[in-house]
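Each chain, letter by letter, is given below.
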Amino acid sequence: MLHLLRNASVFAPTPLGAVDILLAGGQIAAIGPKLSAPSAGWPVEEHDLSGYVIVPGLVDLHAHLGGGGGEGGAHTRVPPLQLTALSLAGVTTTVGLLGTDGTTRSLADLLAVARGLEHFGVTALCYTGSYEVPPHTLTGSVRGDIVHVDRIVAVGELALSDHRSSQPTLDELLRVGADAHVAGMMTGKAGVVHLHMGDGPRGLDLIRQALATEIPARTWHPTHCNRNHALWAEAKDLTKRGCFIDVTTGPDDEHGPGAVTAILDYLRSGYDPARLTLSSDGGGCFPDFDADGVLLGMGVGSPATLLDTVRGLVAAGLPLNQALAPCTATAATLFRLHTKGRVAVGADADLVVLDQALNLRSTIANGRFLVRDGAPIVHGMFERPDRRS
Ligand code: ZN
């Protein structure tokens, strides 16, 4: 089925104005004002989207697809994300990871969950490893996993400056970074080390030391950079040395800036917009520990917080294209996903239709409608409406 999307205001994320978009074979085949209708007999469905906005499908670089957590005991393991948790969030590309728990959870399971999501049209990639060093791998090495396993594109989230980290030395970190970098060169994949940053006083110190080596700065991709004010200040400066930094969605709290505050601060302070990514930590847990590391409570992350953040940024006065970039074009650039994160001819047909208030109307993944007119039309196997009691 071809789809001809007419008259929406398109953000690529650069604003393109009111144009038509033709989807064919899972790709964007044509973009332009008032495209002529295909010949009679063509299997094309036309959609009049006057008054709506089309943006790229969101790229979420950090999602615990199989569920994260477990720090508070086996009863605190988060269940896997269901398909509609992504489709209703407008996420069409997600990169799954393990987390603290690389012991009861496995890469084999994570890959299977990702493969299951891809069955329905979502592009679901994975990181090898977990919090730990040496990283858990499928093939025996980080390099082998990235080179041999199509779906594995990077390593992470490897934990630093956190009481849950395996406390790697600089040399151990460099070895992982070198493997990721070279494997990325060999395959054209992301080849980054996605680094979970904790609240520890050492902050980004190990990454700064790693920047003094031959390994390119883009290899080091710290996340949760807005979790406390000191880390956030360090992270912003790290972008001047060529690193991309990742903000995790969430509200302001007493420890650090929320995603909206952090992104506005970053852009208004004159840092390079092309070095900032945003991810959801969907399916991850947000544990609250006391000073002895005792768990006080736990929440769960949702991919829907990406679009919440975009709405918050626009409400604060940021143009939509700038609000979208960290979880579309910039994320795709860092991860070398050349057909993702943009509305362009030849790109994958991953699109989100929003209303004027930027609420999600439809999600199209690889040319397939997963959400239409505000409701899912494709469900995961165990979330079909007819299965609900
Ligand atoms: Zn993390």
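Anything mentioned here points back to the structure above.
Residues numbered from 1 in each chain as written. Predicted model: local features only at pLDDT ≥ 70, side-chain atom pairs only at ≥ 80, totals over all residues. Heavy atoms only, no water.

Novice: I keep staring at the environment of Lys34 and nothing clicks. Help me out?
Specialist: Within the element layout of this structure, Lys34 appears in the loop between strand E3 (27–32) and strand E4 (44–48). Classification of Lys34 by relative accessible area gives exposed; the value is 71%. It is 9.2 Å that separates the C-alpha atoms of Lys34 and Ile21, two residues lying 13 residues apart in sequence. Those residues in contact with Lys34 that lie beyond four places of it in its chain are Arg6 and Asp20. (Helix = DSSP H or I, 4+ residues; strand = E, 2+ residues; numbered from the N terminus. Buried < 20%, exposed > 50% of the residue type's maximum accessible area, 1.4 Å probe, protein only. Contact = heavy atoms within 4.5 Å.)

Novice: Help me understand the packing of aromatic side chains, please; the structure alone is not making it clear to me.
Specialist: Any two aromatic rings considered together are summarised by their centre-to-centre distance and by the angle between their planes. If you walk through the whole model with that rule in mind, you get three aromatic pairs. With 5.9 Å between their ring centres and 80° between their planes, Tyr127 and Phe335 make a pair best called edge-to-face. With Tyr127 in strand E8 (residues 123–128) and Phe335 in the loop between helix H10 (329–334) and strand E16 (351–354), this pair connects stretches of sequence that are 208 residues apart. Tyr127 sits in the buried class, given a relative accessible area of 0%. An angle of 25° between the planes, with centres 5.3 Å apart, marks the rings of Tyr266 and Tyr271 as stacked. Each member of the pair, Tyr266 as well as Tyr271, carries the same accessibility label: buried. (Phe/Tyr/Trp six-rings, centres within 6.5 Å; stacked < 30°, edge-to-face > 60°.)

Novice: Even after reading the chapter, I still don't get the nonpolar core, so can you show me in this structure?
Specialist: Most often, soluble globular proteins keep nonpolar side chains buried together rather than apart. If you look at the biggest cluster of nonpolar residues, it comprises 79 residues, and the most contacted ones within it are Leu65, Leu195, Ile207 and Trp220. With six residues, helix H2 (residues 107–119) is the single largest residue contributor to this core. Among the domains, domain 1 (2–55 + 341–376) and domain 2 (57–334) are the pair contributing at least three residues each to this core. (Core = buried A, V, L, I, M, F, W, Y, C linked by side-chain atoms within 4.5 Å. Domains from an automatic or database assignment.)

Novice: Even after reading the chapter, I still don't get the environment of Thr104, so can you show me in this structure?
Specialist: Relative to the elements of secondary structure, Thr104 occurs in the loop between strand E7 (91–96) and H2. Thr104 sits in the exposed class, given a relative accessible area of 52%. Spatially, the C-alpha atom of Thr104 lies 20 Å from that of Gly293, the residues being 189 residues apart in sequence. A polar contact of 2.5 Å, which involves the side chain of Thr104, links it to the side chain of Asp101. (Polar contact = N/O pair within 3.5 Å; in protein donor to acceptor, adjacent residues only side chain to side chain.)

Novice: When you look at the sheet that holds E7 in this model, what are you seeing that I'm missing?
Specialist: The strands that make up a sheet pair up through hydrogen bonds in the backbone, lying either parallel or antiparallel. Pairing is parallel in the open sheet, where six strands are placed in the order E6-E7-E8-E9-E10-E11. On the outer flanks of this sheet lie strand E6 (58–63) and strand E11 (220–223), each paired with one strand and no other. For this sheet the average axis-to-axis angle between neighbouring strands, irrespective of direction, equals 30°. Summarising the sheet, E6 and E7 pair through four bridges and their orientation is parallel. Across the sheet, residue Val59 finds its bridge partner in E7, namely Thr93. Here helix H4 (residues 170–187) sits on the sheet in contact with strand E9 (152–160), strand E10 (193–197) and E11, set at roughly 165° to E9. (Pairing = 2+ DSSP bridges. Axes fitted to C-alpha atoms, helices over the stretch in contact; angles between N-to-C directions.)

Novice: Can you help me understand the coordination of the zinc ion in this one?
Specialist: Angles at a metal have ideal values that depend on geometry: 109.5 degrees with four tetrahedral donors, 90 or 180 degrees with six octahedral donors. Coordination of the zinc ion by the protein comes from Glu157 (OE), His196 (ND1) and His224 (NE2), over a distance range of 1.9 to 2.2 Å. For the zinc ion, the donor residues sit on a single chain with the sequence spacing E-x38-H-x27-H. Note that His196 is positioned in strand E10 and His224 in the loop between E11 and helix H6 (229–238), a separation of 28 residues in sequence. Owing to a relative accessible area of 3%, His196 belongs among the buried residues under this scheme. (Donors = N, O, S within 2.8 Å, 3.2 Å for Na, K, Ca; no water.)

Novice: Just to check I follow, could you spell out the pattern of salt bridges for this structure?
Specialist: Any two side chains of opposite charge can pair, given that their charged atoms come close. In the structure shown here, the tally under the stated rule is 17 salt bridges. Among the salt bridges present, the one from Glu118 reaches Arg151, with a minimum N-O distance of 2.8 Å. You can see Glu118 sitting in helix H2 and its partner Arg151 sitting in the loop between helix H3 (142–148) and E9, a full 33 residues away along the chain. Look at Glu118 and you get partly exposed, because its relative accessible area is 33%. In this structure Arg151 comes out as buried when scored by relative accessible area, which is 17%. For Arg361, the salt bridge identified is with Asp373, shortest N-O distance 3.6 Å. One end of the pair, Arg361, is in strand E17 (residues 360–365); the other, Asp373, is in the loop between strand E18 (368–372) and strand E19 (375–376), and twelve residues separate them in sequence. Connected through shared salt-bridge partners, Arg6, Asp20 and Glu46 make up one network. (Salt bridge = Lys/Arg side-chain N within 4 Å of Asp/Glu carboxyl O.)

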